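# Observations on chain architecture
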Amino acid sequence: MVIDAVVASVKVNIATDLAAKGTDPHLAVRVLNSRDDPDPFDQPNVSRVVVGGTIAESGIPTIGIASSIDPGNYGHEDTALVLLDLLSAAAPNPNSLNTYLGPQSDKIGFIGRGLGNSITHEIGHFSGNWHTDQYDDTANLMDQGGGIAQTLGIGADGIGGTADDVDVDFTTDSYTPQEPFSGFEDTLNTTAWAYSRGLG
């Protein structure tokens, strides 16, 4: 059930929302998963996000990392990694989904959305997006780590998986001040146009 919720979240973020809200009339993207689909990796135009493992196993001290930030998505065969140890740590770890769960939470829905948003964030990098400001008032799937409650869509009650949660999407937002850009980034259309049939 959790896998279904994660896959559904990524499909909404990458396929449904980009088609409905982006400006690319030629959007062509498919989201597959290793449980239900044959593995197409190493074929042209296939990128992969590996989900699982820990910082100790990978040697990479983060929740997720993409192989590149690729403006224009010129490389169509990318890889990203989303680790689960911080996301599944015990509360009150600020990076853990458990920190935001309460008795009234839709746990499967929240974990599916939280992990799905983390996966989508890494897809956003190899689609050409840089980090956006995690501390401003705009929730964006490309918000840099450190403001995870906003990226998870935690509502005013401070609890995930409740009625006041927010659907976080790609949108226009300011670049994070921790990186070497200023101004605004349209992460919605950067991502949508990265998967245009006209580019491939």
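Attention in this report is confined to the structure presented alongside it. (Residues numbered from 1 in each chain as written. Predicted model: local features only at pLDDT ≥ 70, side-chain atom pairs only at ≥ 80, totals over all residues. Heavy atoms only, no water.)

On to the packing of aromatic side chains, then. Under the criterion given, the structure shown has two aromatic pairs. Measuring from ring centre to ring centre gives 4.8 Å for Trp 130 and Phe 181, while their planes differ by 55 degrees; the resulting arrangement is tilted. A residue pair is termed long-range when its members are at least 10 positions apart, and Trp 130 in the loop between α3 (107-126) and α4 (148-151) and Phe 181 in the loop between β4 (172-174) and β5 (184-186) qualify at 51 residues. Assessed through its relative accessible area of 27%, Trp 130 is described here as partly exposed. For Phe 181, a relative accessible area of 34% translates into the label partly exposed. An aromatic cluster is defined as three or more aromatic residues linked by ring pairs; in this entry it consists of Trp 130, Tyr 175 and Phe 181. One residue, Arg 48, lies across the ring of Phe 41, its end atom 4.1 Å from the ring centre. (Phe/Tyr/Trp six-rings, centres within 6.5 Å; stacked < 30°, edge-to-face > 60°. Helix = DSSP H or I, 4+ residues; strand = E, 2+ residues; numbered from the N terminus. Buried < 20%, exposed > 50% of the residue type's maximum accessible area, 1.4 Å probe, protein only. Lys NZ or Arg CZ within 6 Å of the ring centre and 35° of its normal.)

If you look at the biggest cluster of nonpolar residues, it comprises 28 residues, and the most contacted ones within it are Leu 18, Leu 87, Ile 119, Ile 123, Leu 152 and Phe 170. If you list the elements that add at least two residues to this core, you get α1 (2-21), β3 (79-82), α3 and α5 (187-194). Non-local contacts of Phe 170, meaning those with residues more than four positions away in its chain, are made with Asn 13, Ile 14, Leu 18, Thr 120, Gly 124, Asn 129, Asn 140, Leu 141, Met 142, Thr 187, Leu 188 and Thr 191. (Core = buried A, V, L, I, M, F, W, Y, C linked by side-chain atoms within 4.5 Å. Contact = heavy atoms within 4.5 Å.)

Moving on, we come to the pattern of salt bridges. Pairing is possible between side chains of opposite charge, provided their charged atoms come close. Under the defined criterion, the tally for this structure stands at five salt bridges. Where Asp 36 meets Arg 35, a salt bridge forms, and the shortest distance between an N and an O atom there is 2.9 Å. Judged by its relative accessible area of 47%, Asp 36 falls in the partly exposed class. Looking at Arg 35, the relative accessible area reads 43%, which means it is partly exposed. One salt bridge connects Asp 39 with Arg 48, and the closest N-O pair in it is separated by 2.6 Å. One network of salt bridges, with partners in common, ties together Asp 4, Arg 35 and Asp 36. (Salt bridge = Lys/Arg side-chain N within 4 Å of Asp/Glu carboxyl O.)

It is worth spelling out the sheet that holds strand β1 (residues 48-51) at this point. Here we have three strands laid out as an open sheet, ordered β1-β3-β2, and mixed in their pairing. At either end of the open sheet lies a strand with only one pairing partner, and these are β1 and β2 (64-66). Strand-to-strand twist in this sheet, taken as the mean axis angle between neighbours without regard to direction, amounts to 15 degrees. Summarising the sheet, β2 and β3 pair through three bridges and their orientation is antiparallel. Across the sheet, residue Gly 64 finds its bridge partner in β3, namely Val 82. Each of β1, β2 and β3 is contacted by α3, which is oriented at about 150 degrees to β3, the strand it contacts most. (Pairing = 2+ DSSP bridges. Axes fitted to C-alpha atoms, helices over the stretch in contact; angles between N-to-C directions.)

Turning next to the packing of α1 against α5. The contact between α1 and α5 brings their axes to 10 Å, and the two run at 110 degrees. Our classification of the angle between α1 and α5 gives roughly perpendicular. Where α1 abuts α5, its residues Asp 17, Leu 18 and Lys 21 lie against Leu 188, Thr 191 and Ala 192. (Parallel < 35°, antiparallel > 145°, perpendicular 65-115°, else oblique.)

Note the cis peptide between Ala 91 and Pro 92, where omega equals 10 degrees. Among the secondary structure elements, Pro 92 is positioned in the loop between β3 and α3. Positive phi values are uncommon outside glycine, yet Asp 42 reaches one of about 80 degrees. Under the relative-accessibility criterion, Asp 42 is labelled exposed at 69%. At Asn 45, a residue that is not glycine, the phi angle is positive and equals roughly 65 degrees. Of note, Asn 45 is situated in the loop between α1 and β1.

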